[in-house]
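Here are the chains, one letter per residue:
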Amino acid sequence: MSLPIFQSSTFEYAGEAGYHDVRYLRLSNSPNHEALHAKLAALEGGEAALVTASGMAAISASLIAFLPAGSHVIAHRSLYGGTRTFLTQELPRMGAEVTFVDADDPFAWKPALRPATRAIYVEAMTNPLLEVVDLEAAAAFARAHDLVSMIDATLATPVNYRPIEAGFDLVLHSATKYLNGHTDIVAGAVIGRAAHVERIKHLLDHLGGSLDPHACFLLHRGLKTLALRLRRQNESAFALASALERHPAVAKVNYAGLESHPRHARARRYFAGTGGLLSFEPRGGPAAAEALMKRLELAVVAPSLGGPETLVTRPVTTSHRGLTPEERRELGISDALVRVSVGLEAAEDLIADFAKAL
Ligand SMILES: *Cc1c(COP(=O)(O)O)cnc(C)c1O
């Protein structure tokens, strides 16, 4: 009932015809990889899947695979920091260009379109503001203009959102987060049509970003509790967001499950649940945010998200430190913003911890 770890770099030759089919760990075709690929494809409703050494390996390999020199990609302006930096600093060195747009405004897409445009890139929910952009319009725009649509669905997970059913071509995950869910590995995944995934796999075979079999084993095990964990995290995050919103020492809460969220109705339409991540601004600015974080006892001050432990960070000091103050202001990320990844603790205990700290 538990998949063994096939800790072998190579396998006995069995007549495979080509380089990419020989069984070798870098080629992502051990029994551990094959089991995970089948499971992830089934979870997302895709034809094929590929696991990678990290979320960034999945994202960078997918972008490189579909963006040759001379090509162009349209992306939402607010993205995971590593992805944004990859698009602005690494991709241009390979001869491809990016235009950032406000994906919440479908009229902004068309002026950005060029003959060389090959792909569009969005996130299911953004970090740390939990924006829900017009994903339907993005998928439809890609179909209308023959572009590959890519969505980073790390924050949503297949429990809360089904990008392939919504019309996206490629679903990307940092499996480090909710898919594994135990804060003990770094991993990534790509799910989509077989031909698309095959193209990315061939590139990854050369880049060398395959996932280790032991990490495959842990991810395979983590996936078994994905639905249970996410349902609990959906509920606890909503309970904590509601309590924070009522608290007099809190100025603003960002969580798509709250009626005050500007895209609440859209989020209800897209998502089965609004996830385990939220952010808020305490009254009193950055000093109040720092003091609050020091006083928390149950929640831990640490980067990353999606695990059993509740983690808090100030994006200005961690994930969004690389942006200029103007860029952060443009995106709406204030210096006092506190991001919370809600874990699996009892919601009452978490609410009490934050109430005491506030
Ligand atoms: C963490 C994260 C990534 C990067 O994943 P790694 O596994 O750290 O490489 C990409 N996108 C989102 C939304 C993330 O949260």
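Visitor: When you look at the pattern of salt bridges in this model, what are you seeing that I'm missing?
Guide: Two side chains bearing opposite charge may form a pair once their charged atoms approach each other closely. This structure, assessed with the given rule, holds 13 salt bridges. Of the charged contacts in the structure, one is a salt bridge between glutamate 97 and arginine 114, with a shortest N-O distance of 3.0 Å. Here glutamate 97 is found in strand 3 (residues 97–101), whereas its partner arginine 114 is found in the loop between helix 4 (109–112) and strand 4 (117–123), with 17 residues between them in sequence. Arginine 114 sits in the partly exposed class, given a relative accessible area of 35%. For arginine 263, the salt bridge goes to aspartate 104, with nearest N and O atoms at 2.9 Å. With arginine 263 in the loop between strand 8 (250–254) and helix 10 (264–270) and aspartate 104 in the loop between strand 3 and helix 4, this pair connects stretches of sequence that are 159 residues apart. Residue arginine 263 is classed as partly exposed on the basis of its relative accessible area of 31%. The class of aspartate 104 is partly exposed, set by a relative accessible area of 25%. When salt bridges with common partners are traced through the structure, they connect Asp104, Asp134, Arg263 and Arg266 into a single cluster.

Visitor: Where do I start with the sheet that holds strand 6 (residues 170–174) in this structure?
Guide: Sheets are built from strands paired through backbone hydrogen bonds, the pairs being either parallel or antiparallel. Taken in spatial order, the 7 strands make up an open sheet running 1-7-6-5-4-2-3, and their pairing is mixed. Single-partner strands in this sheet number two, and they are strand 1 (48–52) and strand 3. Pairs of neighbouring strands in the sheet enclose a mean axial angle of 20 degrees, with direction left out of account. Taken together, the 5 bridges between strand 1 and strand 7 (residues 188–192) define a ladder with antiparallel strand orientation. Each residue of the ladder has a partner; that of valine 51, found in strand 7, is alanine 189. Contacts from helix 5 (residues 135–144) reach strand 2 (72–76), strand 4 and strand 5 (148–152), with the element oriented near 165 degrees to strand 4.

Visitor: When you look at a nonpolar patch on the surface in this model, what are you seeing that I'm missing?
Guide: Together, Tyr13, Val22 and Tyr24 make up an exposed nonpolar region whose accessible area comes to about 290 Å². Among the secondary structure elements, tyrosine 24 is positioned in the segment before helix 1 (31–44). The class for tyrosine 24 is partly exposed, based on a relative accessible area of 35%.

Visitor: Explain the domain arrangement of the protein here, please?
Guide: Partitioning the protein into structural domains gives domain 1 (19–223) and domain 2 (226–357). Computed over C-alpha atoms only, the centres of domain 1 and domain 2 are separated by 25 Å. Facing the 35 residues of domain 1 at the interface are 41 residues of domain 2. Buried area between domain 1 and domain 2, both sides added, is near 3,100 Å², and the carbon and sulfur share of it is 59%. Counting every contact that joins domain 1 to domain 2 gives 5 salt bridges. Of the charged contacts, one joins aspartate 104 and arginine 266 as a salt bridge, the two residues approaching to 2.6 Å between their closest N and O atoms. At the boundary of domain 1 with domain 2, the tally comes to 19 residue pairs in polar contact (both at pLDDT 80 or more).

Visitor: For this particular structure, what's the right way to read the site of the ligand?
Guide: Neighbouring residues of the ligand: 13 residues in total, closest Met56, Asp152, Ser174, Thr176 and Lys177. A distance of 2.9 Å separates an oxygen atom of the ligand from a polar atom in the backbone of glycine 55. The separation between an oxygen atom of the ligand and a polar main-chain atom of methionine 56 is 2.8 Å. With 3 residues, helix 2 (residues 55–66) is the largest single contributor of residues to the shell around the ligand. Here the residues of the shell around the ligand are counted per class, giving 6 nonpolar, 5 polar and 2 charged.

Visitor: When you look at unusual backbone geometry in this model, what are you seeing that I'm missing?
Guide: Residues apart from glycine generally show negative phi values, whereas peptide bonds are mostly found in trans. Cis geometry is adopted by the peptide bond preceding proline 128, which originates at asparagine 127 and carries an omega value of 10 degrees. In this fold, proline 128 is placed in the loop between strand 4 and helix 5. At leucine 130, a position not held by glycine, the phi torsion is positive, near 55 degrees. With respect to the element layout, leucine 130 can be found in the loop between strand 4 and helix 5. With a relative accessible area of 1%, leucine 130 lands in the buried category.

The rules behind each value
Residues numbered from 1 in each chain as written. Predicted model: local features only at pLDDT ≥ 70, side-chain atom pairs only at ≥ 80, totals over all residues. Heavy atoms only, no water. Salt bridge = Lys/Arg side-chain N within 4 Å of Asp/Glu carboxyl O. Helix = DSSP H or I, 4+ residues; strand = E, 2+ residues; numbered from the N terminus. Buried < 20%, exposed > 50% of the residue type's maximum accessible area, 1.4 Å probe, protein only. Pairing = 2+ DSSP bridges. Axes fitted to C-alpha atoms, helices over the stretch in contact; angles between N-to-C directions. Contact = heavy atoms within 4.5 Å. Patch = residues over 30% accessible without salt bridge, like charges linked within 9 Å, V, L, I, M, F, W, Y side chains within 5 Å. Areas by Shrake-Rupley, 256 points an atom, 1.4 Å probe, with all protein chains shown as cover. Domains from an automatic or database assignment. Buried area = accessible area lost by both parts, 1.4 Å probe. Polar contact = N/O pair within 3.5 Å; in protein donor to acceptor, adjacent residues only side chain to side chain. Near = heavy atom within 4 Å. Nonpolar A, V, L, I, M, F, W, Y, C, P; charged D, E, K, R; others polar.

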